Amino acid sequence: MAVARRIVAAASLAAKEYALGVMPAGGKITRPEEVAEAKLFIQQAQFDISALPATARARADRGLARLGQMLKRLAPPDSVTRETDSLVALITSAAGGPKVLEPLPPTPPSLARGAVVFHEQCAACHGEGGRGNGPKAKSVKGPPPADLTDPSVMRGTTMLEIFRRVAIGVPGTSMPEFAEDLSEQDRWAVSAYVAAMQYGGSATAATFAAVRRQVDSALATGSDKIAFDAYLTFEQVETEVRARNAGLASDLESAFAWLRVRATRADANEKHVIRERLLAGLERAERAVADRPSAMNLFVASFFLLLREGFEAILIVAALMAFLAKAGAAERRREVARGAWLAVAASLLTWALIELLFQITPGQREAIEGGTMLIAAAVLFYVSYWLLSKIEAAKWTAFVKGKMQSALSSGSGVALTAVAFLAVYREGFETILFYKALFTSAGAMGVSVLGGIAAGAVGLVIIYLAINQLGLRVAMKPFFAITGAMLYYMAFVFAGKGIAELQEARIVPLTIIEGAPRLPVFGIYPTVESLVMQGALLALAIVAAAWALRPKPSRGSAESNLLRAK
């Protein structure tokens, strides 16, 4: 069994390296080092032929000999791959099938264990960060250790291929074989760790990237074997996808079955349909299992949100109280306080009603959540822009003062209470909207949002005591500038995640942009729809900033222009 694995690994790696070093049509070498490495892998496989079962030995020997000749005459890589596939199928069948010969790990390999193994076995050459700069890197014989974090070096390399290299080594280099030194579990762990390096350490991201590459390769070459390999790679995350969205997992299973059956016979239009269906499904699946926001980001966003909105509410109540004092009606502050507390109670009731709405409409949950996040994004963007906020605040203050004057003139306590209620409930409703969007974004990590609320409440108490007991003056411009920037960040994130929720509800289409970034912490996904929305938000921010920073005419020049006009 071990010999069969070595031969299959060496032949498969040879075909992979050869394809990297020769023109697609063959006949011309583009990267001599890759071709040389492929020939060494073939030679390594030939050394082990004699240990194969007698039923497969002769045919395998002839197959390796043919591969060696094809490499010498620089045959097209596709033909080398087909010959290699035939050889691998022969040896695999003789060994008892793929699940016997090279079984995938039953559970996802441990990245933590992989990091330990990498530190012990690989860091001396590859460096702790995998950049090929370890203490032994300059003294090794042959090619220098590879930079495992470089996408151009690791492009197209699957976890299985890394596992094979770890097992049998790389001939002609300082990379030794570890099949005897490391258990199979440790080899899978370090392979997963290495595969994740170019994806910021995410094994899940590495797996989905590998599946996408294999889907493209299967359709480009018309290979049902590569299509099957793509499904086997997807199986590494399928259990988690099924746990979070069973319907999506079933849809992807059907799509992979369609790929395996039609990869060799589909025309260009059918291949396009298969590819679009799989890429859209894989995007949804990766969001389901990998889109987990940082606990610290959620905590900070929640903290600043409550601090900003709570402080504004305090300022409004203080302004109302000050207005009454100036108007000589300080004894009527109790009516304003009653309105403020009623607004707080109404805000809590509104939150309860919104939660009830989400509970009684489970079928439309994604649509409602997506709509909520987009509305929150629009409001957050508006209040985050300091110039518009200043204009809006001036209008709002004038409106409230006018209502207060009317209520005071009427002598009605109910009218005063109503004005205070309206002023505070407005802030409360905004806060509910923002927090509902934040909790939706947090998913199962809502405890971080609750922690931010608790910390924000403590901060508000401290600010209130500092202002009223110590006479502290808050620097308003820096405070609102910092919190405004945080609100804009949240608006940007909510815009991307809101579109994502509507895509899950199948209300908004999902069109993949190949090569686009995936940064869930910023709500950035590689789809046309989400990036267009966020691009528009960014463009509006640039226009707003340019408007705010535009040169303003001095008073003297304005008066001069007025005289000339006369």
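In what follows, the accompanying structure is described. (Residues numbered from 1 in each chain as written. Predicted model: local features only at pLDDT ≥ 70, side-chain atom pairs only at ≥ 80, totals over all residues. Heavy atoms only, no water.)

A word on the environment of Phe256
For step 1, the next point in the chain: Its place among the elements puts Phe256 in helix H13 (residues 246–262).
For step 2, the next point in the chain: Sequence spacing of Phe256 and Phe228 is 28 residues, and the spatial spacing of their C-alpha atoms is 8.0 Å.
For step 3, the next point in the chain: Filtering out sequence-adjacent residues up to four positions away, Phe256 remains in contact with Val211, Val215, Ala230, Tyr231, Phe234, Leu278 and Leu282. (Helix = DSSP H or I, 4+ residues; strand = E, 2+ residues; numbered from the N terminus. Contact = heavy atoms within 4.5 Å.)

With respect to the pattern of salt bridges
For step 1, the next point in the chain: As enumerated under the stated definition, the model contains 22 salt bridges in all.
For step 2, the next point in the chain: Salt-bridge contacts for Arg242 lead to Glu238; the nearest nitrogen and oxygen are separated by 3.3 Å. Placement of the pair is Arg242 and Glu238 together in helix H12 (residues 224–244), with a separation of 4 residues, close to one helical turn.
For step 3, the next point in the chain: Of the residues examined, Arg242 reaches a relative accessible area of 32% and is grouped as partly exposed.
For step 4, the next point in the chain: By relative accessible area, which is 9% here, Glu238 ends up buried.
For step 5, the next point in the chain: One salt bridge in this structure joins Glu276 and Arg275, with 3.8 Å as the shortest N-O distance.
For step 6, the next point in the chain: Accessibility expressed as a relative area gives 29% for Glu276, which makes it partly exposed.
For step 7, the next point in the chain: Owing to a relative accessible area of 17%, Arg275 belongs among the buried residues under this scheme.
For step 8, the next point in the chain: One connected set of salt bridges, linked through shared partners, spans Arg212, Glu283, Glu286, Arg287 and Arg518. (Salt bridge = Lys/Arg side-chain N within 4 Å of Asp/Glu carboxyl O. Buried < 20%, exposed > 50% of the residue type's maximum accessible area, 1.4 Å probe, protein only.)

Description of helix H14 (residues 268–290)
What sets the pattern is the α-helix's 3.6 residues per turn: residues three or four places apart point alike.
For step 1, the next point in the chain: Between its first and last C-alpha atoms H14 spans 32 Å; for 23 residues at 1.5 Å apiece the expected length is 33 Å, and the two agree.
For step 2, the next point in the chain: Sitting at the head of H14, Asp267 places a side-chain oxygen 3.3 Å from the backbone nitrogen of Asn269. (Expected span 1.5 Å × (residues − 1). Polar contact = N/O pair within 3.5 Å; in protein donor to acceptor, adjacent residues only side chain to side chain.)

Focus on the nonpolar core
For step 1, the next point in the chain: One finds Tyr18, Leu64, Val80 and Ile91 to be the most contacted residues of the largest nonpolar core, which totals 33 residues.
For step 2, the next point in the chain: Considering every element that reaches this core, the biggest residue donor is helix H1 (residues 2–21), with 10 residues.
For step 3, the next point in the chain: With residues near it in sequence (within four places) discarded, Tyr18 still touches Glu34, Val35, Ala38, Met70, Leu71, Leu74, Ala75, Pro76, Pro77 and Val80.
For step 4, the next point in the chain: The next biggest cluster of nonpolar side chains, apart from the first, holds 31 residues, and it includes Ala376, Val449, Phe494 and Leu537. (Core = buried A, V, L, I, M, F, W, Y, C linked by side-chain atoms within 4.5 Å.)

Remarks on the side chain of Glu309
For step 1, the next point in the chain: Looking at the secondary structure, you find Glu309 in helix H15 (residues 295–326).
For step 2, the next point in the chain: Each residue touching Glu309, except ones within four places of it in the same chain, is listed here: Glu427, Glu430, Thr431 and Phe434.

Describing the packing of aromatic side chains
For step 1, the next point in the chain: One pass over the full model with this rule turns up 12 aromatic pairs.
For step 2, the next point in the chain: Residues Phe421 and Tyr425 carry aromatic rings whose centres are separated by 5.6 Å and whose planes lie at 5° to one another, so their mutual orientation is stacked. Residue Phe421 and its partner Tyr425 are both found in helix H19 (residues 413–442); the two are separated by 4 residues, about one turn of the helix.
For step 3, the next point in the chain: Exposure remark for Tyr425: the relative accessible area of 22% places this residue in the partly exposed category.
For step 4, the next point in the chain: When the centroid spacing of 6.3 Å and the interplanar angle of 40° are considered together, the rings of Tyr425 and Phe429 count as tilted. Linking Tyr425 with Phe429, this pair stays in helix H19, spanning 4 residues, or about one helical turn.
For step 5, the next point in the chain: Taken together, Tyr231, Phe234 and Phe256 form an aromatic cluster joined through their ring pairs.
For step 6, the next point in the chain: It is Arg260 that lies over the ring of Tyr231; its NZ or CZ is 5.0 Å from the centre.
For step 7, the next point in the chain: Directly above the ring of Tyr525 sits Arg287, whose terminal nitrogen or CZ lies 4.6 Å from the centroid. (Phe/Tyr/Trp six-rings, centres within 6.5 Å; stacked < 30°, edge-to-face > 60°. Lys NZ or Arg CZ within 6 Å of the ring centre and 35° of its normal.)

Concerning helix H2 (residues 32–47)
For step 1, the next point in the chain: Here H2 spans 23 Å end to end across 16 residues, near enough to the 22 Å set by a 1.5 Å rise per residue.
For step 2, the next point in the chain: For H2, the complete set of buried residues consists of Glu34, Val35, Glu37, Ala38, Phe41, Ile42, Gln44 and Ala45.
For step 3, the next point in the chain: Buried residues in H2 make contact with H1, helix H3 (54–72) and helix H9 (159–168).

Considerations on the packing of H2 against H3
For step 1, the next point in the chain: Where H2 contacts H3, the axes come no closer than 10 Å and their chain directions differ by 165°. The orientation of H2 relative to H3 falls into the category roughly antiparallel. When the axes of H2 and H3 are compared, the crossing they make is left-handed. Every residue of H3 that contacts H2 at Ala38, Lys39, Ile42, Ala45 and Gln46 is listed here: Leu64, Ala65, Leu67, Gly68 and Leu71. (Axes fitted to C-alpha atoms, helices over the stretch in contact; angles between N-to-C directions. Parallel < 35°, antiparallel > 145°, perpendicular 65-115°, else oblique. Left-handed = near helix turned anticlockwise from the far one by under 90°.)

Read these as geometric descriptors, not functional statements.
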